[in-house]
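Chain by chain, the residues run as shown.
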Amino acid sequence: MYIRIDDIAHTWCAVATGAAIPKVEAVFCYDLKDGAPLGSGLGTPNSVHIPDKALSAALDGQRVVKVVHSHPNGSENVSLSAVDLAALWNYAGVVEIDAVLLDGSWFRAVRPAESARPWNEEVLFALDAIRRATKAEARIERAICPDSSPDYALYNEIRTHVVCTALARLGKIYYETSVAQNRRMRWSAAQPLLNGWVDEVIAEYKRRNW
Ligand SMILES: [Zn+2]
């Protein structure tokens, strides 16, 4: 049942975004326990907010809420942004967030099972890890892929995917992706490059002098 509602949520977000002029992000929230829809809506080209109807569930730490949303731009920062990832801790009830592209590709981050730490500390640690990974990427991106590089367009496309992959390898999030065929073929051809970029972000993340 969860898979089916995931498919519905992905499709609805992609269709709503595809139909909107200009293209805006669409969001669909539902309860992971029973699959009940909690709310859906449209945002702006670059941001989306949890719909009012879903807000009380999203903020309730006893709930298990999933947020699916679309990214209208399939060629830039296609995966989950730092703001998207932060929703897993800024909303105590949200445990899973997906970004879906109009070609059907999707990117999913899941909050790891809670540690022994109190929730408010957990939030601080997690948000700090997201901030540091984002900052690490920003600090090194010109060095590892200058604007003049033939790979720059690819880098621009997968920058957020690099950050998410680094955070997953650091154990801060669970991260899963499903990439549409054409995109997958391009990415596979660049896999060694991509792995190197992730390694560089992790190395910068671990340099603690900033
Ligand atoms: Zn997003």
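Heads up: these notes are all about the structure in this document. (Residues numbered from 1 in each chain as written. Predicted model: local features only at pLDDT ≥ 70, side-chain atom pairs only at ≥ 80, totals over all residues. Heavy atoms only, no water.)

### Observations regarding the pairing of strand β1 (residues 26-31)
Stated precisely, the cut-off is as follows: Relative accessible area decides the class of each residue, using a 1.4 Å probe on protein chains only: under 20% of the type maximum gives buried, over 50% gives exposed, and in between gives partly exposed. Helix numbers and strand numbers start at the N terminus; a helix is a DSSP run of H or I with at least 4 residues, a strand a run of E with at least 2. Pairs of strands are assigned from DSSP output, requiring at least two bridges between the strands.
Where burial is concerned, most of β1 is hidden: six out of the six residues are buried. Residues Ala26, Phe28 and Tyr30 of β1 are buried on one face, and the alternating residues Val27, Cys29 and Asp31, pointing to the opposite face, are buried as well. Bridge count for β1 against strand β2 (residues 37-42) is five bridges, and the pairing is antiparallel. Bridge pairing links tyrosine 30 to proline 37 in β2. The loop that links β1 with its antiparallel partner β2 comprises five residues; one of these, glycine 35, has a positive phi angle of about 75 degrees.

### Side note on the sheet that holds strand β6 (residues 174-178)
Rules: A fitted line through C-alpha atoms serves as each axis, taken over the contacting stretch for helices, and the angle formed by two N-to-C directions is quoted from 0 to 180°. By definition, residues are in contact when any of their heavy atoms lie within 4.5 Å.
An order of β2-β1-β3-β4-β5-β6 is seen for the six strands of this open sheet, with the pairing classed as mixed. Sheet topology places β2 and β6 at the edges, where each strand pairs with a single neighbour. On average, adjacent strands in this sheet sit at an angle of 15 degrees to one another, irrespective of strand direction. On top of the sheet, helix α5 (residues 152-169) reaches β5 (106-110) and β6; it is set at about 140 degrees to β6, its chief contact.

### Some thoughts on the side chain of threonine 17
Tracing the sequence through the fold places threonine 17 in helix α1 (residues 2-19). Contacts of threonine 17, omitting those with residues within four sequence positions, involve Lys23, Val24, Glu25, Ala26, Ser70, Pro72 and Leu102.

### Focus on the pattern of salt bridges
We apply this condition: The rule for a salt bridge is simple: a side-chain nitrogen of Lys or Arg has to be within 4 Å of a carboxyl oxygen of Asp or Glu.
One pass over the full model with this rule turns up 19 salt bridges. One salt bridge connects glutamate 96 with lysine 66, and the closest N-O pair in it is separated by 2.8 Å. Of this pair, glutamate 96 sits in strand β4 (residues 94-100) while lysine 66 sits in strand β3 (residues 65-70), and the two are 30 residues apart along the sequence. The residues glutamate 96 and lysine 66 share a single accessibility class, namely buried. Its salt-bridge partner being arginine 183, residue glutamate 157 comes within 2.9 Å of it at the nearest N-O pair. Within this pair, whereas glutamate 157 is found in helix α5, its partner arginine 183 is found in helix α6 (residues 181-189), the two being separated by 26 residues in sequence. The residues glutamate 157 and arginine 183 share a single accessibility class, namely buried. Each of Asp6, Lys66, Glu96, Asp98, Arg108 and Glu176 takes part in one network of salt bridges that share partners.

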